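Listed here are the chains, written in short residue letters.
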Amino acid sequence: MKTILVPVDFTITSRNALLYALFINHHIKAEIIIFHAYNVPAYETDITLEIAEQSVREEMLNELQEWKIDAESRYPEMKISTHLSDALTREEIIDEELNLNADLIVIGTQGTDGLAGVFLIDTVAAAEHTRCPVLIIPPGVILGNLQKIVFATNFEEDDIQNINTIIEVA
């Protein structure tokens with residue numbers, strides 16, 4: 001395993017998913033990519049929105065850098081990098097996974113019970129189109145408290161490879 005992609009939205013749930021990815025990677029020694037996609041809505045107006053878009057981009061880059069610094073302070077020996085994209089989240093997670101040739105995606109959900117919420121639906125929709133396994137961390141799960149891993153499948157040809165990745169993670 002060479003690359004673990006961790007899409008974040010700067011919530012506590014995303015922080016928890018990153019902590020899981022770091023913990024898992026402590027044994028695997030892959031590169032962690034902390035990834036954020038944002039979308040500045042475009043409105044038809046006479047006023048240019050370029051300044052606002054640049055401001056949002058700088059804020060997101062700063063936030064990613066803070067998350068990277070925190071992760072490096074916890075695991076200084078790990079290779080950790082960040083990537084920012086200014087497009088719709090679901091499509092960008094899929095594109096980023098393909099561009100990086102990621103071996104695993106670790107992502108948090110936003111539902112109150114871990115099985116509801118728009119972000120989970122988006123996550124599951126993205127997971128259906130990825131070629132690598134996606135480890136979805138529900139809210140409220142504390143690091144080290146993960147007791148079950150569910151492997152959902154459509155009986156694809158690469159299932160054996162994905163099962164082997166999940167076994168390595170477990």
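Quick notes on the rules
Residues numbered from 1 in each chain as written. Predicted model: local features only at pLDDT ≥ 70, side-chain atom pairs only at ≥ 80, totals over all residues. Heavy atoms only, no water. Core = buried A, V, L, I, M, F, W, Y, C linked by side-chain atoms within 4.5 Å. Buried < 20%, exposed > 50% of the residue type's maximum accessible area, 1.4 Å probe, protein only. Helix = DSSP H or I, 4+ residues; strand = E, 2+ residues; numbered from the N terminus. Contact = heavy atoms within 4.5 Å. pLDDT = per-residue confidence, 0-100. Expected span 1.5 Å × (residues − 1).

## So, the nonpolar core
Among the nonpolar cores identified, the biggest contains 30 residues, and Ile4, Leu18, Leu22, Ile32 and Val106 are the most heavily contacted of them. Secondary structure elements with two or more residues in this core: β1 (3-7), α1 (12-28), β2 (31-37), α2 (50-74), β3 (80-85), β4 (104-108) and β5 (134-137). No other element matches the 8 residues that α1 contributes to this core. In contact with Ile32, not counting residues within four places along its chain, are Ile4, Val6, Leu18, Ala21, Leu22, Asn25, Met78, Lys79, Ile80 and Ser81. Counting residues in each nonpolar core, the second largest holds 9 residues, with Ile33, Phe35, Ile93 and Ile107 among its members.

## Focus: the confidence of the model for the protein
Of all residues in the protein, 79% have pLDDT values of 70 or greater, and the mean over the chain is 80. Below a pLDDT of 50 lies the segment residues 112-123, which in the model reaches 19 contacts outside its immediate sequence neighbourhood of four places, other chains included.

## So, α1
Its 17 residues place the ends of α1 24 Å apart at the C-alpha level, agreeing with the 24 Å of an ideal helix rising 1.5 Å per residue. The element α1 is largely enclosed, with a buried count of 12 among its 17 residues. Within α1, burial applies to Thr13, Ser14, Asn16, Ala17, Leu18, Leu19, Tyr20, Ala21, Leu22, Ile24, Asn25 and Ile28.

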